[in-house]
Amino acid sequence: MHLYNQIAGEVRDLIAAGELRPGMPVPSETVLRERYDVSRPTIQRAMRILRDEGLVYSEKGKGTFVGPPDAPQGGRKLPRYKEIAADVIGQIKAGRLKEDRRIPSEKTLMQAHGVAGGTARQAVAHLRELGWVVTIPQKGTFVVPRAEWPKG
C-alpha cells in the first residue's frame, strides 16, 4: 500500500473514532510530514484523497478541517499564530521565560505547536508587535525587561 493511502487511512480512522470531530483542524502538513517522515506531496495526496471522500475540506491560509465546508470550525477562536503568541506570553508572565533571555526558536515553536515555519515566524512577529520581545539580528529573540512589558 502506498504511504499516502496509509496516512489517509490513519486520519480516516481518527475521524471514525471521534478523535477528530467535524470542524476540528487536521494536523498540519508539517506535523504529518514529521510524524510519517514523508515528503510534502505525499501528505498533499493523502489530504486530496480525504477531500475527495468528503471527510475533510481545506481553507487557504487556515488549514484542513474535518467534515463538510459548512461544519462550524471548533476549538479555535484565534488564528494559530495568535494562540502560539498567547502561550509564549503566558510563559513569560509565569516566569518560565525570563526577561532578557531567549524565547524558544522558530523550530522549537514549530515542533511544540505542530505548525509550519511561517506560522511560527508570524507568532514571533506578533510578539514583537505587541512589545513582549525584541529580536537582535544574529543573536536571537529575547524577552524584554519586565519594566517594558506591555500593560494589560
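No experiment lies behind these values; they were computed from the predicted model shown.

About the cut-offs
- Residues numbered from 1 in each chain as written.
- Predicted model: local features only at pLDDT ≥ 70, side-chain atom pairs only at ≥ 80, totals over all residues.
- Heavy atoms only, no water.
- Helix = DSSP H or I, 4+ residues; strand = E, 2+ residues; numbered from the N terminus.
- Buried < 20%, exposed > 50% of the residue type's maximum accessible area, 1.4 Å probe, protein only.
- Contact = heavy atoms within 4.5 Å.
- Areas by Shrake-Rupley, 256 points an atom, 1.4 Å probe, with all protein chains shown as cover.
- Polar contact = N/O pair within 3.5 Å; in protein donor to acceptor, adjacent residues only side chain to side chain.
- Pairing = 2+ DSSP bridges.
- Core = buried A, V, L, I, M, F, W, Y, C linked by side-chain atoms within 4.5 Å.
- Salt bridge = Lys/Arg side-chain N within 4 Å of Asp/Glu carboxyl O.
- Phe/Tyr/Trp six-rings, centres within 6.5 Å; stacked < 30°, edge-to-face > 60°.

Turning to the overall build of the chain, a few remarks are in order. Along the backbone of the chain there are six helices and four strands. Reading the chain from its N terminus to its C terminus gives the helix and strand order α-α-α-β-β-α-α-α-β-β. Seen along its three principal axes, the alpha-carbon backbone of the chain occupies a region of about 55 × 30 × 25 Å. Here the chain, with 152 residues, has 34% of them falling under the buried criterion. Sequence-distant contacts in the chain: of pairs separated by 6 or more residues, those separated by 24 or more amount to 54%. Element-wise, carbon and sulfur atoms account for 50% of the exposed surface of the chain, whose accessible area totals about 9,400 Å².

Before going further, it helps to spend a moment on the environment of R80. Along the chain, R80 falls in helix α4 (residues 80-93). Apart from residues no more than four positions distant in its own chain, R80 is found in contact with H113, V115 and T119. At 2.7 Å, the side chain of R80 forms a polar contact with the side chain of E83.

A word on the side chain of Q91. Inspection of the secondary structure assignment puts Q91 in helix α4. For Q91, a relative accessible area of 19% gives the class buried. Not counting the four nearest positions on each side in its chain, Q91 is found in contact with R96 and L97.

This paragraph deals with the pairing of strand β3 (residues 133-136). Here β3 pairs with strand β4 (residues 140-143) via four bridges, running antiparallel. By the bridge assignment for β4, V134 is matched with F142. Between the antiparallel neighbours β3 and β4 lie three residues, among them Q138 with a positive phi of about 70°.

Turning next to the nonpolar core. As a rule of thumb, nonpolar side chains are buried together in soluble globular proteins. In terms of nonpolar packing, the biggest core is built from 19 residues, with V88, I92, I103, L127 and W132 touching the most fellow members. Contributions of two or more residues to this core are made by α4 and α6 (117-130). With six residues, the top contributor of residues to this core is α4. Ignoring anything within four residues of it in the chain, the contact list for L127 reads A85, V88, I89, I103, W132 and V133. V11, L20, L32 and I49 belong to the second largest nonpolar core, which has 16 residues in total.

A word on the pattern of salt bridges. Going through the model one piece at a time under the given rule, you end up with four salt bridges. Note that E29 is salt-bridged to R40, the shortest N-O span being 2.7 Å. Of the two residues, E29 sits in helix α2 (residues 29-36) while R40 sits in helix α3 (residues 40-52), which places them eleven residues apart along the sequence.

The next point concerns the packing of aromatic side chains. One pass over the full model with this rule turns up two aromatic pairs. Taken together, a centroid distance of 5.4 Å and an interplanar angle of 50° make the contact between W132 and W149 tilted. With W132 in the loop between α6 and β3 and W149 in the segment after β4, this pair connects stretches of sequence that are 17 residues apart.

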